[in-house]
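Coordinate inspection notes
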Amino acid sequence: MPVDDPASARIVAYRLVIMPAKLYVVHGSHPCQTVARALELKGIAFTTVELPPPSHAPVMRVLFGRRTVPGIRFESGEKVSGSRAILRRLDELAPQPALLPADPDARARVVEAERWGDEVLQAAARRIFWPTLKANPGAAPSFSEGAKLPLPGAALKLAMPLVARVELRLNHTSDAARAADLQALPTWLQRIDDWLADGTLGGEEPNAADLQIAPSLKLLMTMEDLRTIIAPRPCGAWAEKLFPGGDGHIPAGAIPAGTLPAGV
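The notes below deal with the structure included here.

What counts and what doesn't
- Residues numbered from 1 in each chain as written.
- Predicted model: local features only at pLDDT ≥ 70, side-chain atom pairs only at ≥ 80, totals over all residues.
- Heavy atoms only, no water.
- Helix = DSSP H or I, 4+ residues; strand = E, 2+ residues; numbered from the N terminus.
- Expected span 1.5 Å × (residues − 1).
- Bend = angle between axes of the 7 residues up to and from the residue.
- Polar contact = N/O pair within 3.5 Å; in protein donor to acceptor, adjacent residues only side chain to side chain.
- Pairing = 2+ DSSP bridges.
- Axes fitted to C-alpha atoms, helices over the stretch in contact; angles between N-to-C directions.
- Contact = heavy atoms within 4.5 Å.

**Points about helix H5 (residues 104-135)**
- For H5, spanning 32 residues, the distance from its first C-alpha to its last is 46 Å, which sits close to the expected 46 Å at 1.5 Å a residue.
- Residue Gly 117 marks the point of greatest curvature in H5, where the axis turns by about 35°.
- Of the residues that open H5, the one with a side-chain oxygen 3.2 Å from the backbone nitrogen of Asp 105 is Asp 103.

**Description of the sheet that holds strand E3 (residues 71-73)**
- The four strands lie next to each other as E2-E1-E3-E4, forming an open sheet whose pairing is mixed. Every interior strand has two partners, whereas the edge strands, strand E2 (46-50) and strand E4 (79-81), have only one. The mean angle between the axes of side-by-side strands here comes to 20°, regardless of whether they run parallel or antiparallel.
- Pairing analysis gives three bridges linking strand E1 (residues 21-25) to E3, with the strands arranged antiparallel. Looking at E3, one finds that Leu 23 is bridged to Ile 72.
- Sheet contacts for helix H3 (residues 56-64): E1, E3 and E4; angle to E4, the most-contacted strand, approximately 135°.
- In this fold helix H4 (residues 83-93) packs onto E3 and E4, with an angle of close to 135° to the strand it touches most, E4.

Shown next, in the form of structure tokens:
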């Protein structure tokens, strides 16, 4: 990067100020993946502190004043929590590549898609995931394969019913809530496909809405019953390309057939 370019010099200065960052995560968490990818795109060095669910909730409340991950602590001591707030701060500290378009109309569309991805899809993915994993504890070890400190598979299977019960309560979910979200899923998938078609999502460079929405689809696709619905669609291929790989697999038949959306 040329040092005689004032804008480039400012970016270098920003990155020197905030490097390295410490990101507090739950392994496999979709909003944590959002922030980690944003840090990578901006070239900001970071380390992760993995917290196991559901014990992450009291730790995060003490450290950040709210129970949810992700949270980030910059070298300056500044702390920010929540994926949307963190992405905004990253754009302030390291403006390029920008996560929001410069054009006002395009920016408004991306901000609205990002808000929906955070407030609607992200929560729904949790409400679908936790009842499914609770009923299929044998799948639990597959979600920790890439963790820094993976627990033994037998221990995870034994602990999962208790962990899942706590997560169901924290995420206000149940079998009935999962069934309602599953019936809404086709409409949500079509909304994402429409955003891909009009360029709100899926541009040459990932934007904040891309990073917010794709990890939730990837979490849903860890459930084979939903992967067969999502993967063939444009949004499924897009999510796989943007966030390749990942841990976790819940086999087909884990979600009661009567609750799966019809006609998709």
